[in-house]
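Each chain is listed here by its residues.
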Amino acid sequence: MLNWLFELLPHALTLVLLVTAFFLPGLLVLLPLKPGLPAALALGPAVTLLIFLAGSLVLDAMGLPWSAPSAALTAVPPVFAAWLLGRRFSFRAPLWPAGLGLQVNLAVGAGVAIGSVVTCVALLRGIGDPATASQGWDPIFHLNVLRWIQESGSATPWGVAPIFGAGTYYPSGWHSVVSLVPGSVTETANLSSIVIGGMIWPIGLTFLASAVLPRHPAAWALTPLFAASFVSFPYSQLLRSGQWPNGLATALVPAALALSVLILRCLTSADRAGTPAREHVLLAAVLAAALGGCAAAHPSAVFATAVAVLPFVAARTLPLLIRCARRRPWIAAVVGGAAVAAGAAALGVLTHSRLLVSVMAYPRAVRAKVPDSLYLAFFDLPRFPAISLPAPDDFNLAVGLLVILGGAAALFIRDARPLAVSWLAFVALYVLAAGPENALRWLTGVWYKDTQRIAPFIAMTGSLLAALAIAVLARAAHRAVSVRLPSARTGGRWPLPALLVGLSVAVVTCGMYWGSGSYRSAERVAVAAQNYVVAAKPGTGVLSRGEQDFIQRAGATLPADAVVIGDPFNGETYFYALTGRHVVYTQLGAPTSGSAAKELLRTGFNRLATDKSVCEAVLKVGATHFYEDAPGASHGSASLKRWPGFYNVPTGRGFEKVAAADGRTLYKITACG
């Protein structure tokens, strides 16, 4: 397993720079406020994204380019402001539980480290060489956005218009961070998955476990271990789906949810009167910053946090409302009416907002039906049953059963009941998103009715419940052992009952890991590797074997102002991401939208020598070079059917060969003057 460290050595500098970019600005803002290092680490990336969002807007307004030095300068004012604020206003006690013994600190640290290593190993094995370009639908677009930000110097959510194809908003939080790291955009993009899935996610989950289950420290250590067993995140969403920005937003939700729970507890606890108002304000300000960072990554994270926190809000406020109703019924009626009105208003926004209507009504095919969707939700299958019938080893059986057991145990634990409800809420949303079409499926439109965007939140809540199940059993075992051992042998820093129970928990956890094939290691790696596997035959897939190297070599020979045209589903669009040479089609999604010239060339480029309008279209889009590859198919696009203009092109006249190898050729277009 340690081989992965040696595999990362050539990319160590890039990885260090990514960790610095994601964590450091937020840490420098949070640490003066004294939330405690664990909480600052969990919340830091979200605060960083908010800082960078504001900084990108300021720099864009001033006409200054987005770069590492300019981004660092934009971080100085909030860091300085936090330092000044921290001198007078800071948390009285850390947001992370205080007074923990050495055993708890060691166990939690080990849990985070092991969970991180297990995740990183599978991610790295799936990716292979981090310099390999992902062939996913979304990653092709995101790689080009990274290149565009580095070229244009604009990292605002509206600055990606030339790549996105319309002057509209697109969340650029992930892009703003990753674009700061110099070097290959494919390497930095791929390694960002290691940081997001292997660091931000387990740290955030551990912080969430400490907030939701404050009386079960064993669960804090076990949560990142069980989280590593889920295929849905980070392997499926980050790499198979290639949803890098949305995946980053997913990884930020646990920390934002943890802070929301802490605020609720602070506002509704019996000793809330003794808490200074400035403490509440400071908590609210940090939460607002964390949610702002989540929205900067992807707005759907805010909705996920809202869904997860609603059961906690209900559990904390309903008893207060009932007591208030007994003493002051009119006040309770007003508060209850206001809550209903707020819910109705939120529902109205979701159903009538012009901004959300296209998202909420996104046409998504049925992916699975009950009971298949329940198997997927409860046991984290690596693929849909409609694609291939699941084998017994495909089920995350041991952890899935622990999640169900933890959900049952939560019914008897006051602090954990809302957690079980949140888990069931995400299970319900998953089943609705999977299909079939029904009157409530629109509720999942915020996630584009995509099960792969919802499943990570089942993993988030489920990993806590699985850890809770073991923690409850361990506590019961500890009591049983303590009763049977002489009192003289139970004292000291390392009491014998605690050692025996801790050892038993470690043995059980290790047994689950090895008994499940290293948490279905082969499946996790296969899911992560899906977009990095290249076929030997040219034209098979977006990139075939040797094609990335060819594009990099051939692109390097082109002049800086060259513009390449060809079938984007067959390699053309990579010229920009890999070499910086512009392309006509910058993405796979609606690549010709809004351009009659692009649409004409899609079907008629091979009439270049005989049709004057084709040459006019070439000049309009600025194409100077043509990339030709063997016809094939990728992402459901059959080359000869969907992009016939770029095949059977008579290149004997009007073209000049620039480079050729293995059935691929790059030409200079000379037919249009």
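Here the structure is shown first, and the text comes after it.
Remember, it's a predicted structure, so these values are computed and weren't measured experimentally.

A separate point is the overall build of the protein chain. Of regular secondary structure, the protein chain possesses 27 helices and seven strands. Its C-alpha radius of gyration of 27 Å places the protein chain within 12% of the 26 Å reference for a compact globule of 673 residues. With the C-alpha coordinates aligned to their principal axes, the bounding extent of the protein chain is approximately 95 × 55 × 50 Å. Taking all 673 residues of the protein chain together, 54% fall into the buried category. Across the protein chain, every contact between residues at least 6 apart in sequence was considered, and the portion connecting residues at least 24 apart equals 73%. As displayed, the protein chain has an accessible area near 28300 Å², and 66% of this comes from carbon and sulfur atoms.

Take the sheet that holds strand E7 (residues 664-669) next. The strand order across the open sheet built from five strands is E2-E1-E3-E7-E6, with neighbouring strands paired in mixed fashion. In the strand order of this sheet, the two ends are held by strand E2 (582-583) and strand E6 (655-661), each with one partner. Sheet strands touched by helix H23 (residues 547-556): strand E3 (625-628), E6 and E7. Its angle to E7, the strand with the most contacts, is close to 25 degrees.

Okay, the nonpolar core next. With 200 residues, the main nonpolar core has Phe22, Phe207, Phe226, Met460, Ile565, Leu601 and Phe605 as its most contacted residues. By residue number, the principal contributor to this core is helix H12 (residues 244-268), which donates 16 residues. Once residues within four sequence positions are removed from consideration, Phe22 is found in contact with Gly44, Pro45, Thr48, Trp174, Val177, Val178, Ser192, Val195, Ile196, Ile200 and Leu248.

Take helix H19 (residues 417-434) next. Along its 18 residues, H19 runs 26 Å from first to last C-alpha, staying within 8% of the 26 Å computed at 1.5 Å per residue. Most of H19 is tucked away, with 13 of its 18 residues classed as buried. One or two steps after H19, the chain reaches Gly435, where phi turns positive at roughly 110 degrees.

What counts, and where the lines are drawn
Residues numbered from 1 in each chain as written. Predicted model: local features only at pLDDT ≥ 70, side-chain atom pairs only at ≥ 80, totals over all residues. Heavy atoms only, no water. Helix = DSSP H or I, 4+ residues; strand = E, 2+ residues; numbered from the N terminus. Rg over C-alpha atoms; globule rule 2.2 N^0.38 Å. Buried < 20%, exposed > 50% of the residue type's maximum accessible area, 1.4 Å probe, protein only. Contact = heavy atoms within 4.5 Å. Areas by Shrake-Rupley, 256 points an atom, 1.4 Å probe, with all protein chains shown as cover. Pairing = 2+ DSSP bridges. Axes fitted to C-alpha atoms, helices over the stretch in contact; angles between N-to-C directions. Core = buried A, V, L, I, M, F, W, Y, C linked by side-chain atoms within 4.5 Å. Expected span 1.5 Å × (residues − 1).

The values are spatial; any link to function lies outside them.
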